[in-house]
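Residue-level listing of the chains:
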Amino acid sequence: MEGSLCKQGSYTFSEMKLPSRGHSRLPVRLYFNKLMPRQRSEIPHSHVAVEMDRFSGDCHGTYVIGAKRYSIEPGDIFLLRSNEQHSIVSLRKGESQSICTGLQFAPDLIWSPSNDLSDLPSVFTVFVDASLPFEHKLNGELKKLVDQEFSDIVREFEERGEGYS
């Protein structure tokens, strides 16, 4: 496992590279982005990584993912598929700071033939077939479960205890 930490302006960016059978090391990135109030035209970007974004603080705005528009509220968690265009187009000024905690990981961590999930073709299909119905904003019990896992991942990145990767 290799790890690094970078601070740039409003971003704190941490990366670790996980060992992978048959590959070089696969990167997993965790970042904390201090969001400033904004109203702007959509500036979409995408990346190969699968991404999860969790909003905290006084976050109220609009997140555009593909052709869908979602409201952003404190505690929201969004899941973005590989190569999916996304952009935060508005964020209202709140009383406290708004933070987007993001986790990006190589799609290979989900559907690599070298892991235990390789026999789940539906997992692969959901993350690559943009024609399938997909809700990016998590809700209900799934949101609670993902939020707890997300918190555990953040804690492990921060503590870097033995075997954290």
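Report follows, based on the coordinates. (Residues numbered from 1 in each chain as written. Predicted model: local features only at pLDDT ≥ 70, side-chain atom pairs only at ≥ 80, totals over all residues. Heavy atoms only, no water.)

With respect to the pairing of strand 9 (residues 86-91)
Okay, so step 1: By the criterion of burial, strand 9 is predominantly enclosed, with six of the six residues buried.
Okay, so step 2: Sheet analysis places strand 4 (residues 38-39) next to strand 9, joined by two bridges and oriented antiparallel. For Gln 39, the partnering residue across the bridge sits in strand 9 and is Ser 90.
Okay, so step 3: Sheet analysis places strand 6 (residues 61-65) next to strand 9, joined by five bridges and oriented antiparallel. Bridging from a neighbouring strand, Gly 61 pairs with Leu 91 of strand 9. (Buried < 20%, exposed > 50% of the residue type's maximum accessible area, 1.4 Å probe, protein only. Helix = DSSP H or I, 4+ residues; strand = E, 2+ residues; numbered from the N terminus. Pairing = 2+ DSSP bridges.)

Here's the deal with unusual backbone geometry
Okay, so step 1: We note that Asn 83 has phi near 65°; this positive angle belongs to a residue other than glycine.
Okay, so step 2: Relative to the assigned elements, Asn 83 resides in the loop between strand 8 (77-80) and strand 9.

Structural notes on helix 3 (residues 140-159)
Okay, so step 1: When the terminal C-alpha atoms of helix 3 are compared, their 29 Å separation across 20 residues agrees well with the 28 Å that a helix rising 1.5 Å per residue should span.
Okay, so step 2: Looking one or two residues beyond helix 3, the residue adopting positive phi is Arg 160, at roughly 50°. (Expected span 1.5 Å × (residues − 1).)

Details of the packing of aromatic side chains
Okay, so step 1: Counted according to the given criterion, the structure contains four aromatic pairs.
Okay, so step 2: On the basis of an interplanar angle of 80° and a centroid distance of 5.8 Å, the ring pair of Phe 55 and Tyr 63 is categorised as edge-to-face. Each member of the pair, Phe 55 as well as Tyr 63, carries the same accessibility label: buried.
Okay, so step 3: Sitting above the plane of the Phe 134 ring, Arg 81 keeps its charged end 4.3 Å from the centroid. (Phe/Tyr/Trp six-rings, centres within 6.5 Å; stacked < 30°, edge-to-face > 60°. Lys NZ or Arg CZ within 6 Å of the ring centre and 35° of its normal.)

Topic: the nonpolar core
Okay, so step 1: Counting residues in hydrophobic clusters, the biggest one holds 14 residues, and the most contacted among them are Met 52 and Leu 103.
Okay, so step 2: For this core, the elements supplying multiple residues, two or more each, are strand 3 (26-35), strand 5 (50-57), strand 8, strand 10 (98-105) and helix 3.
Okay, so step 3: The element best represented in this core is helix 3, accounting for four residues.
Okay, so step 4: Excluding anything up to four places from it in sequence, Met 52 contacts Phe 78, Leu 79, Thr 101, Gly 102, Leu 103, Val 146 and Phe 150. (Core = buried A, V, L, I, M, F, W, Y, C linked by side-chain atoms within 4.5 Å. Contact = heavy atoms within 4.5 Å.)

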